[in-house]
Amino acid sequence: MSSSVQNRLFLFVRHWIHPTVRFGSVSEFNMARGPIRNEQSTNIRRTKNDRPILHNAASSPAADRSWTSYFNLSRDKKTAPMAERVLVIGSGGREHALAWKLAQSPHVQQVLVAPGNAGTASCGKISNSAVNVSNHTILAQYCKDHNVALVVVGPEVPLAAGIVDDLTAAGVPCFGPSAKAAQLEASKSFSKSFMDRYGISTARWSSFTDPQEACSYIQGADFPALVVKASGLAAGKGVIVAKDKDEACQAVLDIMKDKAFGAAGDTVVVEELLEGEEVSCLCFSDGSTVAAMPPAQDHKRLLDGDKGPNTGGMGAYCPTPQVSEEMLQQIKTTVLQKTVDGMKEDGIPYVGVLYAGLMLTQQGPKVLEFNCRFGDPECQVLLPLLKSDLYEVLKNTLQAKLASEPPVWLDNSAAVTVVMASEGYPGAYKKGVEITGLSQVTEMGLQVFHAGTALKDGGGVVSSGGRVLTVTAVRPTLESALHSANQGVAAVGFPNAVYRRDIGHRAIAYLTRTRGLTYKDSGVDIAAGNKLVDIIKPLAKATSRTGCNAELGGFAGLFDLKAAGFVDPILVAGTDGVGTKLKIAQACNIHNTLGQDLVAMCVNDVLAQGAEPLFFLDYFSCGRLDVGVASSVIGGIAEACQMAGCALLGGETAEMPGVYGPGEYDLAGFCVGAAERGSLLPRLGDIQEGDLLIGVASSGVHSNGFSLVRKVLERAGLQYSSPAPFGQPGQTMGSALLTPTKIYSRLLQPILRSGAVKAYAHITGGGLLENIPRVLPKDLAVDLDATHWRIPPVFSWLHKEGSLSEEEMVRTFNCGLGAVLVVGKQEAQRVLRQLQAEEEAWIVGSITHKMPGGQAVVVRNLEHCLRAGPNPCPDTSVLQNGASHTDSSSRKRTKVAVLISGTGTNLQALIEQTKKPSSSAEIVVVISNRPGVLGLKRASMAGIQTRVVDHKLYGSRAEFDSTIDHVLAEFGVEVVCLAGFMRILTGPFVRKWNGKLLNIHPSLLPSFKGVNAQKQALLAGARVSGCTVHFVAEEVDAGAIIVQEPVPVLMNDTEESLSERILEAEHRAFPAALELVASGVVRLGEDGRIMWNQSA
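Since the structure is predicted, the reported quantities are computational estimates derived from the model, not experimental observations.

(A) Looking closely at the overall build of the protein chain. When helices and strands are tallied, the protein chain shows 35 helices and 45 strands. If you sum the accessible surface of the protein chain, you get close to 46600 Å²; carbon and sulfur atoms cover 52% of it.

(B) View of the packing of helix H22 (residues 706-716) against helix H26 (residues 793-801). Between H22 and H26, the shortest axis-to-axis distance is 10 Å and the interhelical angle comes to 60 degrees. By the angle between their axes, H22 is oblique relative to H26. H26 is crossed by H22, and the crossing has left-handed handedness. Residues Val709, Val712, Leu713, Arg715 and Ala716 of H22 form the contact with H26, whose participating residues are Trp797, Leu798 and Glu801.

(C) Summary view of helix H35 (residues 1055-1078). When the terminal C-alpha atoms of H35 are compared, their 33 Å separation across 24 residues agrees well with the 34 Å that a helix rising 1.5 Å per residue should span. By the largest-angle criterion, Glu1066 marks the main kink of H35, which is about 25 degrees. Immediately downstream of H35, the backbone of Gly1080 shows phi near 85 degrees, a positive value.

(D) Region of interest: the sheet that holds strand S28 (residues 612-622). The four strands lie next to each other as S27-S30-S28-S29, forming an open sheet whose pairing is mixed. Only two strands of the sheet have a single neighbouring strand rather than two, namely strand S27 (569-576) and strand S29 (647-655). Strand after strand, the sheet turns through a mean of 15 degrees between neighbouring axes, direction not considered. By the bridge criterion, eight bridges tie S27 to strand S30 (residues 665-676) in an arrangement that is antiparallel. For Gly574, the partnering residue across the bridge sits in S30 and is Cys671. Contacts between helix H21 (residues 627-644) and the sheet are confined to S28, S29 and S30, with S28 contributing the most and set at about 170 degrees to the helix.

(E) Expanded view of the packing of aromatic side chains. Enumeration according to the criterion identifies twelve aromatic pairs in this entry. Taken together, a centroid distance of 5.1 Å and an interplanar angle of 25 degrees make the contact between Phe620 and Tyr665 stacked. Here Phe620 is found in strand S28, whereas its partner Tyr665 is found in strand S30, with 45 residues between them in sequence. By the burial criterion, Phe620 is buried, and Tyr665 matches it. Between the aromatic rings of Phe960 and Phe981, the centroid separation amounts to 6.5 Å while the plane-to-plane angle is 10 degrees, which identifies the pairing as stacked. Placement of Phe960 in helix H32 (residues 957-970) and of Phe981 in the loop between strand S40 (975-978) and helix H33 (987-992) is noted, with a sequence separation of 21 residues between them. Take Phe981: its relative accessible area is 9%, and that puts it in the buried class. Members of the aromatic cluster, joined through ring pairs, are Phe190, Phe194 and Tyr198.

(F) Spatial organisation of the side chain of Ser621. With respect to the helices, strands and loops of the structure, Ser621 is situated in strand S28. A polar contact is formed between the side chain of Ser621 and the side chain of Tyr660, at a distance of 2.7 Å. If we ignore the near neighbours within four places in the chain, the residues touching Ser621 are Ala654, Met656, Tyr660, Tyr665 and Asp666.

(G) How the structure looks around the pattern of salt bridges. By the definition in use, this model includes 38 salt bridges. Note that Arg790 is salt-bridged to Glu840, the shortest N-O span being 2.7 Å. Note that Arg790 is positioned in the loop between strand S33 (780-785) and H26 and Glu840 in the loop between helix H28 (825-836) and strand S35 (841-849), a separation of 50 residues in sequence. Given a relative accessible area of 23%, Arg790 falls into the partly exposed group. A relative accessible area of 22% places Glu840 in the partly exposed class. By sharing partners, the salt bridges in this structure join Glu277, Asp304, Asp306, Arg500, Asp502 and Arg506 into a single network.

(H) Focus on the sheet that holds strand S36 (residues 857-860). Strand order in the open sheet made by the six strands is S32-S34-S31-S35-S33-S36, with mixed pairing throughout. Strand pairing shows two members of the sheet lacking a second neighbour, strand S32 (757-762) and S36, which therefore form its edges. Looking at each pair of strands side by side, their axes are set apart by 25 degrees on average, direction ignored. Summarising the sheet, S32 and strand S34 (residues 817-823) pair through five bridges and their orientation is antiparallel. Bridging from a neighbouring strand, Tyr760 pairs with Leu821 of S34.

(I) Representation of helix H31 (residues 934-941) within the structure. Within the span of H31, buried status applies to Gly935, Leu936 and Ala939. The buried side chains of H31 occupy one side of the element, clustering within an arc of 100 degrees when seen end-on. Facing away from the buried surface of H31 by more than 90 degrees, the exposed residues are Lys937 and Met941. Residue Gly943 follows H31 closely and has a positive phi angle near 80 degrees.

(J) Structural view of the environment of Ala611. You can see Ala611 is positioned in the loop between helix H20 (594-607) and S28. Judged by relative accessible area, Ala611 falls into the buried class, the value being 1%. In this structure, the C-alpha to C-alpha distance between Ala611 and Gly673, residues 62 residues apart in sequence, is 5.5 Å. Those residues in contact with Ala611 that lie beyond four places of it in its chain are Val572, Val606, Gly673, Ala674 and Ala675.

(K) Region of the structure containing the packing of H20 against helix H24 (residues 745-753). The N-to-C vectors of H20 and H24 enclose an angle of 5 degrees; their axes lie 11 Å apart at closest approach. Considering their axes alone, H20 and H24 lie roughly parallel with respect to each other. Between H20, through Val603, Asn604 and Leu607, and H24, the contact on the second element is made entirely by Ser745, Leu748, Gln749 and Leu752.

(L) How the structure looks around the pairing of strand S21 (residues 414-421). Of all eight residues in S21, eight are buried, a share of seventy percent or more. Neither face of S21 is exposed, since Ala414, Val416, Val418 and Met420 on one face and Ala415, Thr417, Val419 and Ala421 on the opposite face are all buried. Sheet analysis places S21 next to strand S26 (residues 467-475), joined by eight bridges and oriented antiparallel. Bridge pairing in S26 places Val419 opposite Thr470.

(M) Structural detail: the environment of Leu150. Locating Leu150 in the fold gives a position in strand S7 (residues 148-153). Judged by its relative accessible area of 0%, Leu150 is buried. Residues Leu150 and Arg85, 65 residues apart in the sequence, show an inter-C-alpha distance of 7.2 Å.

(N) Region of the structure containing the pairing of S40. Burial of S40 is two-sided: the residues Val975 and Cys977 facing one way and the residues Val976 and Leu978 facing the other way are all buried. Judged from the three bridges that link them, S40 and strand S41 (residues 997-1001) form a sheet pairing that is parallel. Bridge pairing links Cys977 to Leu998 in S41. The parallel pair S40 and S41 is bridged by H33, and the resulting crossover is right-handed.

(O) Spotlight on the nonpolar core. In this structure, Phe616, Tyr665, Ile772, Trp789 and Leu798 are the most contacted members of the largest nonpolar core, which totals 87 residues. Ranked by the residues each element gives to this core, the list is headed by H21, at ten residues.

(P) Region of the structure containing the environment of Leu303. Tracing the backbone through its elements, the reader meets Leu303 in strand S16 (residues 301-303). By relative accessible area, which is 41% here, Leu303 ends up partly exposed. Residues Leu303 and Arg501 lie 198 residues apart in sequence; the distance between their C-alpha atoms is 8.6 Å. What Leu303 contacts, discounting residues up to four positions off in sequence, is Gly308, Val498 and Arg500.

The rules behind each value
- Residues numbered from 1 in each chain as written.
- Predicted model: local features only at pLDDT ≥ 70, side-chain atom pairs only at ≥ 80, totals over all residues.
- Heavy atoms only, no water.
- Helix = DSSP H or I, 4+ residues; strand = E, 2+ residues; numbered from the N terminus.
- Areas by Shrake-Rupley, 256 points an atom, 1.4 Å probe, with all protein chains shown as cover.
- Axes fitted to C-alpha atoms, helices over the stretch in contact; angles between N-to-C directions.
- Parallel < 35°, antiparallel > 145°, perpendicular 65-115°, else oblique.
- Left-handed = near helix turned anticlockwise from the far one by under 90°.
- Contact = heavy atoms within 4.5 Å.
- Expected span 1.5 Å × (residues − 1).
- Bend = angle between axes of the 7 residues up to and from the residue.
- Pairing = 2+ DSSP bridges.
- Phe/Tyr/Trp six-rings, centres within 6.5 Å; stacked < 30°, edge-to-face > 60°.
- Buried < 20%, exposed > 50% of the residue type's maximum accessible area, 1.4 Å probe, protein only.
- Polar contact = N/O pair within 3.5 Å; in protein donor to acceptor, adjacent residues only side chain to side chain.
- Salt bridge = Lys/Arg side-chain N within 4 Å of Asp/Glu carboxyl O.
- Arc of directions from axis to C-beta.
- Right-handed = clockwise from strand over helix to strand, strands pointing away.
- Core = buried A, V, L, I, M, F, W, Y, C linked by side-chain atoms within 4.5 Å.

Written as structure tokens, this is what we have:
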């Protein structure tokens, strides 16, 4: 351990063991110290204003010991007491309230207040300190010598003077913003510029250093520029609200020429006069997270009815009913959080209390000013309502823990504080007036916070300032709190005191106002509906596709079929819901998966007609709109629309009080698709005996049969919270049953377009028995063998626990098959391979002749499979066409390397494919010829090893290729994919990796080879482009083609829009091609042609 580290540790431990002050007094300390020297050296630098700034030489640059390390050290059981000593800076009612609340903490041993007042002189844990708080060097040493674990700064002047910066640099934890952050209050000009920069709503304004320019602005403004502010700190008195332009100009002259507020008025800010209700919204900020306090309202005018001169504040109440929960959330988001985020972005993290003075205008809340500390008298009504331990709240703020440990406030309580001021305030007033009756007020269950008070020689309390006392009452209602506070004021013996009797009068008038019924009174909240629309607008916008932009807000949605590339389209529509699966979601409070269920049920139906899903509309109905629940559901719908490739074009939210019970809602969806006239399914005339059936795996129950599922659950005596006897380890019944329905559009559309599929049955309500016959000629039937597909364990559980018959299972559930395709024998293997590249699929049966009176669907061996449980390796070896199928989990996975040069979007698609359990490929290394590219990060995040072989470091292409080859050998690579790899490989390298080197090109080769393929396609007037995955040959873009996916060229396409759609196709084609090669289904023959392995 270095000596400096040892010295630091010794310093901390010694101070905890020896709390004795090392100098007899502060003045002795000043005489003795010279430069401060402990076990480490601390240097002092002075600024222009002669303010000392401490630089800790031993611990620099982290001279600011964090609160965390200090707090943890103070908890060392061997060296530290369990309770802390806290120092509060200030002398007003706010500081008394802070000390009072801190003293309630079991973590706090003593609260010192400097300089304090009569109320903090000697009161239980609370006592005053005479330390010089303006000399930060002395203050820092005092805190160390007296074991002060935390300094809490009340007023704004020390904050602006950098007390937090200096104490923190000296190793003393201090609560409050830094001097730079305190500019939000200390400089009105800085504050207004900041708000403009970050789009925080405020009054129109301008700042001036020349009084004539300010007056010209006032006279020429096209708004009432009647608010004149001294830009600097003026003890809360530097704001003048003029009644006309002449008075505003006079205010400018008073401030700037006559120096009414001293140097604070060197710069003035002239503002628009805002109209509305004024409120105070405060929050704790840890630099990232804000924890809002209940809104409060101050009363600035001296006399009842808001008459008389402005003051520092004659009383306050909290909470303000004029600020609804929705408005408070809006203020938190658009003002408080936005401010903290902006300060963080500017490199000035804001840690402490942030106070926003707001005007509630017809255009919404607008910021009047920021303060960088608790307000006075707002503090005297906020802290009595704080249920949490204030010391812990301050600790959590300094430790950036507000997100996980927010403060808690009293419910169903109101606080009112009434200020008692000296006669003559805010002008000249008499000091030394004796005050009596304070103990009587305390006996009434009220709290008196001292401000301008002092202890009288010989005992007693006398006045020593303008605002002298505040009397605070906490009661269940605002009216009762005001009544009690006024009673307390009346009990205080303070001759000729000035105080108001109507604190909270605006709130009481608001609460007792007579108003007509509103739509909200009937149970329909239009504001909540509008909020929901605002939330889901960007979600819907993200689903935009060719043909529509998914902009919500119109009366109806539009879709351009021609722009989407259709020539002779037939529209196909489908509608559905999710049944009583809703009941499980509502009981489990899991709502985000239902959107996929809803979209899947509609999209999969439309797909069964051979149509491409184009757009979707939803219907959400409820008794009372819960915006959080509704946005979760509709957010899931939007996400599912993106998965399906259709736009969320619109929807309906219906709030119907009395129709649904609390927490209940219903869902319906509507999907519209289109198919070219000659591409509709089913092709009944083509289906014949001997055709094969390919089953595509379901995810489980999907969205049908849940009334029966719930009945089985009830019979089994299980709850939704019970562990699921099927599903993933640790999964509950509820979460397992809510597994969302699979959406098949992305998977099946390319296969349907190829013409290989004669019919597609979506296995929905009615199960296998009723859905497959919907796509068959009347004289044909199907013969299914349950041993040929994997049946998910949920069905075995339902069969056993419900004692369900074989017939009941196949007429209610999908039994593991979400979709069934009818294909000819010759096409079956090709279609199967394409499906298995992305999803579990099996040849599950065949088409047979239907005997008169015979069944349309025969399912053999189902009972046996349900009793035996899930078969991980279904046997398809005995199918009529002799094809065999082995489950992918038993295959040896082919080791793959991916070569990149940039962002790696195709790499991401390959990663996602190879992560599937059914994949035949495993990416073992990603190699980039450029360091620091995004693709390397993608690989690292996926747990894949990376290598950088920088081509700039090699003298020749051959040397570079040789290094690549060595890396491939190191990882035992068998197949190489070029995913945006911007280097031309040498002939020897290509020949060595012949048949194992894959590339993707953004055109349908052999058309448009080389660079700028999309531009070439547009210039040539091509109607179709696309992408090609091919084996790499020595000639550029000339190798054997593995997979191609066409992309229509639209009339209004640009190079950018076409490239974007081709890239989406690449993300599907490249993984599919890799699977074909990795599984051995496709290989390169000796003649350079593609060879298909039918038995792979």
